[in-house]
Amino acid sequence: DDTLVGWKEDFNMCFRQTVPSQLLALEYVRELYAEYMAPMRICGHSKGGNLAVFSAARSSPMIQQSILEVYNNDGPGFTEYMMGDPGYLAMVPKIRTFVPQSSIIGMLMEHEEPCTIVRSSQVTILQHDTFTWEVMGKELIPVEELTRDSQFVNATLKNWLREMDLEE
């Protein structure tokens, strides 16, 4: 959300292992599974993409088996702790991550899963809006690589975060 508390939680995602919205997303997936006990797809955009991946990765093996796919649409990754997490690694083959060619949000932090880079009709941060992602028929139009600006911003942000200690 766009509140001060929401933004604080977004920034906390850069150094905390979990934030309240991730735990709420996990509980939501557990409740859905308990009620329907059916195959499911979990998806989200931006922070919601992170929540989708987190909730799938932290679900029980029984729930994980029922998950067909997890869609992360330009959502940030995780701090280093999640990269070796057995639940996360079990879900990696089911995670479908999509980012626009000038992605900033979706490239934040760490991702183990591969991502598909898609063409956008907008520039820079305006590409975060999924309505700008280009489609041909039923498919997103892929591009080979991120723009140089995106690569520069992402490398700069990752280096900046790596250089800070937890207190900073």
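Below is a short write-up of the structure. (Residues numbered from 1 in each chain as written. Predicted model: local features only at pLDDT ≥ 70, side-chain atom pairs only at ≥ 80, totals over all residues. Heavy atoms only, no water.)

## Let's talk about the environment of Gly87
Alright, step 1. With respect to the helices and strands, Gly87 occurs in helix 5 (residues 86-91).
Alright, step 2. Placed 64 residues apart in sequence, Gly87 and Gln151 show a C-alpha to C-alpha distance of 29 Å. (Helix = DSSP H or I, 4+ residues; strand = E, 2+ residues; numbered from the N terminus.)

## Considering the side chain of Ser55
Alright, step 1. Examined against the element boundaries, Ser55 turns out to sit in helix 3 (residues 47-57).
Alright, step 2. With relative accessibility at 1%, the residue Ser55 sits in the buried group.
Alright, step 3. Dropping the residues within four chain positions of it, Ser55 is found in contact with Ala25, Leu26, Val29 and Ile42. (Buried < 20%, exposed > 50% of the residue type's maximum accessible area, 1.4 Å probe, protein only. Contact = heavy atoms within 4.5 Å.)

## A few points about the packing of helix 2 (residues 20-36) against helix 3
Alright, step 1. Two elements in contact, helix 2 and helix 3, have axes whose closest approach is 8 Å; the angle formed by their N-to-C orientations is 55°. Judged by the angle between their axes, helix 2 and helix 3 are oblique. The hand of the helix 2/helix 3 crossing is right-handed. Residues Ser21, Gln22, Leu23, Ala25, Leu26 and Val29 of helix 2 lie in contact with helix 3, whose contacting residues are Lys47, Asn50, Leu51, Phe54 and Ser55.
Alright, step 2. A per-class count over the contact of helix 2 with helix 3 returns six nonpolar, four polar and one charged. (Axes fitted to C-alpha atoms, helices over the stretch in contact; angles between N-to-C directions. Parallel < 35°, antiparallel > 145°, perpendicular 65-115°, else oblique. Left-handed = near helix turned anticlockwise from the far one by under 90°. Nonpolar A, V, L, I, M, F, W, Y, C, P; charged D, E, K, R; others polar.)

## Focus on the pattern of salt bridges
Alright, step 1. If you walk through the whole model with that rule in mind, you get five salt bridges.
Alright, step 2. Notably, a salt bridge pairs Glu69 with Arg41, separated by 3.0 Å at the nearest N-O pair. Taken together, the residues Glu69 in strand 2 (residues 67-73) and Arg41 in strand 1 (residues 40-45) connect sequence positions 28 residues apart.
Alright, step 3. Classification of Glu69 as buried rests on a relative accessible area of 16%. (Salt bridge = Lys/Arg side-chain N within 4 Å of Asp/Glu carboxyl O.)

## Here's the deal with the pairing of strand 2
Alright, step 1. In terms of residue burial, strand 2 counts as a mostly covered element, since five of its seven residues are buried.
Alright, step 2. Inspection of the sheet shows strand 2 paired to strand 3 (residues 95-100) by four bridges, in the parallel sense. Note that in strand 3 the partner of Asn72 across the bridge is Thr97. (Pairing = 2+ DSSP bridges.)

## What to know about the sheet that holds strand 2
Alright, step 1. Spatially, four strands are ordered 1-2-3-4 in an open sheet, and the strand pairing comes out parallel. Here the strands that pair on one side only, and so sit at the sheet edges, are strand 1 and strand 4 (115-118). Strand-to-strand twist of the sheet, defined as the mean angle between neighbouring strand axes without regard to direction, takes the value 15°.

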